[in-house]
Amino acid sequence: MIRVVRRLIVLGLLVYLFGQAYTGLRVVTYADPDPIPNAATIVVLSGPWTAPDAPIGETRQRVAKGVELWQAGLASRVVMSGGGTRAINGPGDAAFMADYARSLGVPDDTIVIEPASQSTLQNAWLTARLPDVDPRQPIVLVTHRYHMPRAVTSFRWAGFTDITPVAAAPAPLQSVHALEGIKWPLNIARAAGASLAGAFAVPEADVLPWLQ
C-alpha cells in the first residue's frame, strides 16, 4: 500500500512539473492566429477569484476581447461561461459578463449564458450541453494565456473538435500561472473519473459535482 501511495505521489509530481513547464512554454511562445478563423461560436470564460466587475479584472478583459471578436464578424453567437457570485451585491459571473457585453453593443439575442460552471472542466462540460452549441462546430475560445493550455485540453475532452484559442490580454505573464501546475493533475484525475463514470452510465447530474 505504501508503495502504491509513493507511486501516486511521484506521478502527481511529474504531472505537476509537466503542466507547469508546458503552460510556461505556451505562455512565452503564444501568438494569436493571424487571421483568426471564423467560427460558429465565441466562448468567453470567466476569470478567477476577483469580482468580475473589477476595473481591471480578468473577466472584464475576456468579455471585452470576446466582444471585439464578435464585432469583427468572426461568429454570430457569444457564450458567456461562468458560475459564482463574486461581485458584491451584483450578478453572478455569467450574468455580469452578459450585461457588460450588452453595454458594449452586443444584442441580447446573440448572447448565450452558461451560469453554473465552477471550474474549467465544468465550463467545457456545460457549454458542450447548451442547446445553442454544437461541439462539432468550430469555436473561438477566449481566456488568458496562462489558462489556455488547460482550457483547450478541457474543451477537447468535453467533445469540441475545432478550437481556436485567443488571448484576452497582450501581457504574456500572470502571477496566477504558478497554480496551473497544481491544477493539471487535479483536472486529469477528475476528467478521467468523469469519463469512467460515463462509461458505466452514471447520471450526468451525479458526475457534474466531481468536475468542480
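Here, every reference points to the structure presented above.
Residues numbered from 1 in each chain as written. Predicted model: local features only at pLDDT ≥ 70, side-chain atom pairs only at ≥ 80, totals over all residues. Heavy atoms only, no water.

**Re the overall build of the protein chain**
Counting its secondary structure elements, the protein chain contains 7 helices and 5 strands. Each helix and strand of the protein chain, ordered N terminal to C terminal, gives the series α-β-α-β-α-β-α-β-α-β-α-α. Buried positions account for 48% of the 212 residues belonging to the protein chain. Across the protein chain, the fraction of contacts at a sequence separation of at least 24, relative to all contacts at a separation of at least 6, is 76%. Per element, the accessible surface of the protein chain, about 10600 Å² overall, is 63% carbon and sulfur. (Helix = DSSP H or I, 4+ residues; strand = E, 2+ residues; numbered from the N terminus. Buried < 20%, exposed > 50% of the residue type's maximum accessible area, 1.4 Å probe, protein only. Contact = heavy atoms within 4.5 Å. Areas by Shrake-Rupley, 256 points an atom, 1.4 Å probe, with all protein chains shown as cover.)

**Points about the nonpolar core**
One finds Ile42, Val44, Val63, Leu69, Met80 and Val140 to be the most contacted residues of the largest nonpolar core, which totals 25 residues. The residues touching Met80, leaving out its near neighbours within four places in the chain, are Val44, Val63, Ala94, Met97, Ala98, Ala101, Ile111, Val112, Ile113 and Glu114. Counting residues in each nonpolar core, the second largest holds 16 residues, with Val79, Val112, Val133 and Leu141 among its members. (Core = buried A, V, L, I, M, F, W, Y, C linked by side-chain atoms within 4.5 Å.)

**Quick word on the side chain of Arg150**
Relative to the helices and strands, Arg150 is located in helix α5 (residues 148-157). Residue Arg150 is classed as buried on the basis of its relative accessible area, which comes to 5%.

**Here we look at the pattern of salt bridges**
Applying the stated criterion across every chain yields a total of 6 salt bridges. The shortest N-O distance in the salt bridge between Arg62 and Glu58 comes to 3.1 Å. Linking Arg62 with Glu58, this pair stays in helix α2 (residues 58-71), spanning 4 residues, or about one helical turn. A salt bridge links Glu68 to Lys65; the shortest N-O distance between them is 3.2 Å. Taken together, the positions of Glu68 and Lys65, both in helix α2 and 3 residues apart, correspond to about one turn of that helix. With relative accessibility at 15%, the residue Lys65 sits in the buried group. (Salt bridge = Lys/Arg side-chain N within 4 Å of Asp/Glu carboxyl O.)

**Examining the environment of Val43**
Relative to the assigned elements, Val43 resides in strand β1 (residues 41-45). Through-space distance from the C-alpha of Val43 to that of Glu114 is 10.0 Å; in sequence the pair is 71 residues apart. Those residues in contact with Val43 that sit more than four places away from it in its chain are Val79, Thr127, Ile139, Val140, Leu141, Val142 and Phe155.

**Notes on unusual backbone geometry**
The peptide bond linking Asp34 to Pro35 adopts the cis configuration, its omega dihedral lying at 0°. The backbone of Ala201 sits at a positive phi, close to 60°, despite the residue not being glycine. Mapped onto the fold, Ala201 is located in the loop between α6 (180-199) and α7 (204-207).

**Notes on the packing of aromatic side chains**
Describing an aromatic ring pair means giving the distance of the ring centres and the angle of the ring planes. Tallied over the full model, the rule gives 3 aromatic pairs. Ring centres 5.2 Å apart and planes at 50° place the aromatic pair Phe155 and Phe160 in the tilted group. The same class applies to Phe155 as to Phe160, namely buried. Above the plane of the ring of Tyr100 lies Arg60, whose end atom (NZ or CZ) is 4.5 Å from the centre. In this arrangement the basic side chain of Arg129 is found over the ring face of Trp125, its NZ or CZ atom lying 3.8 Å from the centre. (Phe/Tyr/Trp six-rings, centres within 6.5 Å; stacked < 30°, edge-to-face > 60°. Lys NZ or Arg CZ within 6 Å of the ring centre and 35° of its normal.)

**Some remarks on helix α4 (residues 120-128)**
Extensive coverage of α4 is indicated by the burial of 9 of its 9 residues. Taken residue by residue, α4 has Thr120, Leu121, Gln122, Asn123, Ala124, Trp125, Leu126, Thr127 and Ala128 as its buried positions. Looking at the packing, one finds that the buried side of α4 touches β1, β2 (78-81), β3 (111-114), α5, α6 and α7.

**What about the pairing of strand β5 (residues 163-167)?**
Of all 5 residues in β5, 5 are buried; the element is thus mostly enclosed. Covered by surrounding structure in β5 are Ile163, Pro165 and Ala167 together with Thr164 and Val166, the residues of both alternating faces. The sheet contact formed by strand β4 (residues 139-143) and β5 spans 5 bridges and is parallel. Within the sheet, the bridge partner assigned to Ile139 lies in β5 and is Ile163. (Pairing = 2+ DSSP bridges.)

Treat this as a map of the structure, not an account of what it does.
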